[in-house]
Each structure stands twice: as C-alpha cells, then as structure tokens.
Amino acid sequence: MTALAVTTAIVAPAFAQDAAYSAADEINVMQGFKAGGGSDALAQLVQPYLAEELGVNFVNQYIPGATGAIAWTQLAKQTEPDGATVSITNTPMLTTNYIMNPSITYTVDEITPLANVVTDPGIAVVAKDSPFQTFEDFVKAAKDNPSTVTVGNSGVGGDDFFTSLMFEKEAGVELQKVPFQGDGPSWTAAMGGKIDASFTNVGVAYPQVKEGNLRALAVFTEERLPELPDVPTATELGYNLVAGSSRGYSGPADFPEEARNQFIEGLRRVTENPEFLEKAKASAMNIDFIAGDEYRDFLKKQEAEYTKIWADIKDEVQAK
C-alpha cells in the first residue's frame, strides 16, 4: 500500500512544561484519513493543549487510504517504538479493516492503545438546498428509487458504512453507498450536491450545520442532542439505529512505558481543562476519556462485536 503523506505542524508555546515528555521533543501523529475529517477535528482540538502539557511539537501526517489501514499497518509493522510517533485510532474501522479483509494483516494486538478521547455520534446530513426536508423524505426517496439515492460514508468498514448497512435493513431500502477517504470528503460532497446525503459524525458536520451549509435530517443516538435539539433521532422515527465512532491515540507495540504514562496523563489533564471542555462543547465533540488498559479492553470488545456482526451480514453484503 502506498499513499502521499501531507504534514502539518502544531507547535508548543514557549511556556510549555520543560521535559514533560521524555521520549521526544516532536511527536509525529499519523492520520489515516484526509484533512477535514474526524481524525483531523480531534487533532486540531486536542493537540494545541497537549503540546503545552507535554512540552512537545506535534506534526500531523495525513496518510489516507483503505479506511485508515495504510496508516495503521505502518504503525503496527514499520514504526519504531521510540515514543516519537503515534496515530489517531478510530473505531470501528481500526478492527473492521482486518475483520472484513484478510489481506490486511495488522491487529489491535500489534499496537499500544494510549487513550480514547471522543465518541462521536452518527448523523445524516444533506445540502442546504436538498429536496429532502426531513429524514422521512429521504427514506421515501430511497424506497421509491431503489439503489439510486447516493449516500456518502467515510470508507468501507467505517462506522458510517455499517450505519448504512443497518439502515438498509431497518428501513427495507437499498442505497447507492459511496465511500470516501474520510468524513471530510463525504460531507463536502453532500454539501456540494455531488451526492444526495452523507452519513457522517456530529463532531465533523456540526460546524457546517450550525452555519447553515448542511441540513441535519436525523442523529443516530438514543436521545436528541442538546446542540441539535430540533433534529430527531432515527430511533424516535421508528428505526433502531444508534451508531458512531470513537477516536483516540495509539502507539506502536513496545511503546516506552514512561512515555506511555506521560502521554496518557497529559491527555487526562487536557480532558479536565475547562477551556478545552468549552471548546469541545462548542464543536459538539463528546469527550469520552478511556485510558491505557481500559482503552485496549474497549478495542478488543469492539473487535469481538464486529467479528460477529460481519459474520452475520457478510454473505448478503458480498452478494450485492
């Protein structure tokens, strides 16, 4: 697998803590998706604060392709465990990549989960001038025009992809599913009218919804969101559909224990910072801090759950 990597730097302020991170002065952060998606939103929110906590500079490296698998294969198979490189790790695609595709050979057991930071609910959005005023308009069009309504997702195996599959079963419809290299290209295509709708995540799409560039039709949560009180849940509309993606940080296997603890504690302090929490709330980013071994257990649990889900649906999906 090959990809063109693009980098951006987040520089720690001059007053950052000295030697708070012992492994490196600069940390490379591999992102498996294009800029503007969920991973990038997390990086831009977290890393200015984490740079100050750890006394380091962050350099974001965008390595899109194969729903994150190019970056995570590089993390697991090719990255030196020196503490100078980490990756943003996203669920469920971190595990569904190799569950669905035997040619992808990395596993969760070959990385060092550091901490989850955000759990981001799913959302259905359309362009502001879309003929779909409501989610039921969208459902009716999908029923009346099988396999023609185009719906973007962040890539095959991602949370939006599985949301599309679950929605098809719940609503008894067939969509024309359009995979992109991340959430950013997906919602951008919907906003530009290139596709009919995008199944994406709240924390990614919320700024555009707030600005009026995208219209939210439904959220895939148990209850309505405080940030979007007028947007119904798919559940209340009669579809048993609760979905989303969690995003955090992981390093390669054998990550230095001292650096691991320092990184985790730095993230913990960031997620307790009132200023950070206010910014997260303004962006509709739901903080869900899960650290260390608990984060590993969380990922392993998802691995088991999606192994079962894929076993139940793979024959039907592969037959289409």
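Structure shown above.
The present account deals with the structure reproduced in this document.

Rules of the game
- Residues numbered from 1 in each chain as written.
- Predicted model: local features only at pLDDT ≥ 70, side-chain atom pairs only at ≥ 80, totals over all residues.
- Heavy atoms only, no water.
- Helix = DSSP H or I, 4+ residues; strand = E, 2+ residues; numbered from the N terminus.
- Rg over C-alpha atoms; globule rule 2.2 N^0.38 Å.
- Buried < 20%, exposed > 50% of the residue type's maximum accessible area, 1.4 Å probe, protein only.
- Contact = heavy atoms within 4.5 Å.
- 1 Å grid on protein atoms, 1.4 Å probe; cavity = no way out; pocket = protein on both sides within 12 Å on 5 of 7 lines; lining within 4 Å.
- Points joined across faces, edges and corners; volume = space filled by probe spheres on them.

Observations concerning the overall build of the chain
So, point 1. On a plain count of helices and strands, the chain comes out with 10 helices and 11 strands.
So, point 2. Its C-alpha atoms give the chain a radius of gyration of 19 Å, within 12% of the compact-globule value 20 Å for 320 residues.
So, point 3. Structurally, the chain occupies a C-alpha span of about 60 × 40 × 35 Å along its principal axes.
So, point 4. Expressed as a percentage of its 320 residues, the buried residues of the chain come to 56%.
So, point 5. For the chain, the proportion of contacts with a sequence separation of at least 24, taken over those separated by at least 6, is 79%.

Side note on empty space enclosed by the protein
Unoccupied space between atoms shows up once a probe the size of one water molecule is rolled over them.
So, point 1. Tallying each qualifying case throughout the model produces one cavity of 30 Å³ or more.
So, point 2. The computed volume of the largest cavity comes to approximately 70 Å³.
So, point 3. Surrounding the largest cavity, 13 residues form its lining, Phe33, Asn90, Met93, Asp183 and Arg247 being those nearest its centre.
So, point 4. Looking at the lining of the largest cavity, the elements with two or more residues in it are α1 (38–54) and β10 (244–252).

Section: helix α2 (residues 69–78)
So, point 1. Among the 10 residues that make up α2, seven are buried, leaving the element largely enclosed by the rest of the structure.
So, point 2. Buried within α2 are the following residues: Ala69, Ile70, Ala71, Trp72, Thr73, Leu75 and Ala76.
So, point 3. Here the buried face of α2 lies against β2 (26–31), β4 (85–90), α3 (93–100), β5 (111–127) and β10.

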